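Structural description and commentary
The primary structure of each chain is shown beneath.
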Amino acid sequence: MITDYQQKLRERYLAAPVLLAPEPWQTVLDRRTPIGGLLGIGFAVHPDSGHDLVMVVSSDGHGLFDAVTGEKIARDREPDPETSTPDAHPDLTCPGLAPIAGAPVRIAGLFGGGLHSTTPDGWTLDVVSPEWPHDRVILSADGGSHKGPAGGTWWHVFHSEYSELRAAGFSPSGLTLAVATSSDLTLWTRTELHFDD
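Residues numbered from 1 in each chain as written. Predicted model: local features only at pLDDT ≥ 70, side-chain atom pairs only at ≥ 80, totals over all residues. Heavy atoms only, no water.

Looking now at the packing of aromatic side chains. Taken as a whole and judged by the stated rule, the model has four aromatic pairs. Ring geometry for Y13 versus W154: centroids 5.8 Å apart, planes at 85°, classification edge-to-face. With a gap of 141 residues between them, Y13 in helix α1 (residues 4-15) and W154 in strand β11 (residues 154-160) connect regions that are remote in the sequence. Across this residue pair, the class does not change: Y13 and W154 are buried. Considering the side-chain rings of W25 and F170, the 5.8 Å spacing of their centres and the 35° angle between planes classify their relative orientation as tilted. Linking W25 in the loop between α1 and β1 (26-34) with F170 in strand β12 (residues 165-170), this pair joins segments that are 145 residues apart in sequence. Comparing W25 with F170, the two get one shared label, buried. Counting every residue linked through ring pairs, the aromatic cluster contains W25, W123, W155 and F170. (Phe/Tyr/Trp six-rings, centres within 6.5 Å; stacked < 30°, edge-to-face > 60°. Helix = DSSP H or I, 4+ residues; strand = E, 2+ residues; numbered from the N terminus. Buried < 20%, exposed > 50% of the residue type's maximum accessible area, 1.4 Å probe, protein only.)

In structure tokens:
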């Protein structure tokens, strides 16, 4: 039994169409990058460019992407079986590749863990499931209250109706938003944080 408030909230999410993320967020590449058997993702920082990096762990190995350009920087199809999935370590890490080789990267996804749900300048990300098991990713600028109609202060930016959601959240810098499902990776980026004066 759900309350009237819960029913109204459910109806609000069901009625919300998938919308483009608002300015200053920009999609990276053509929205979804196919990655079969995706298990989880984690963030790191490129030591030279300072760009956010996204490390992807899948049943087919490890990959490293530049979150600003979407470029695949590195690929390891045969990672060490001892560290190929994050459940081998209590802190859910896998070893980094290429420019972050040797650095552990925390991975969120099938084995647990999580990504940041807020940014330093006030953006919030929530995952809701009014039609479980299909998850919806909600980006908001209202602290996560989701008041009013979609497209005002909150946006339904992703609907996982075709594969399982693995992880959704912001990079530690707050400049990248990532959604990973069992079949693909979707990224949004922005150039800087914005604080109201």
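Below, the discussion takes up the pattern of salt bridges. Evaluated as defined, the whole model comprises five salt bridges. Of the charged contacts, one joins D121 and R190 as a salt bridge, the two residues approaching to 2.8 Å between their closest N and O atoms. Taken together, the residues D121 in the loop between β8 (108-109) and β9 (124-131) and R190 in the segment after β14 (184-189) connect sequence positions 69 residues apart. The exposure class assigned to D121 is buried, which follows from its relative accessible area of 15%. The class for R190 is buried, based on a relative accessible area of 4%. (Salt bridge = Lys/Arg side-chain N within 4 Å of Asp/Glu carboxyl O.)

It is worth stressing that arrangement in space is one thing and function is another; only the former is reported here.
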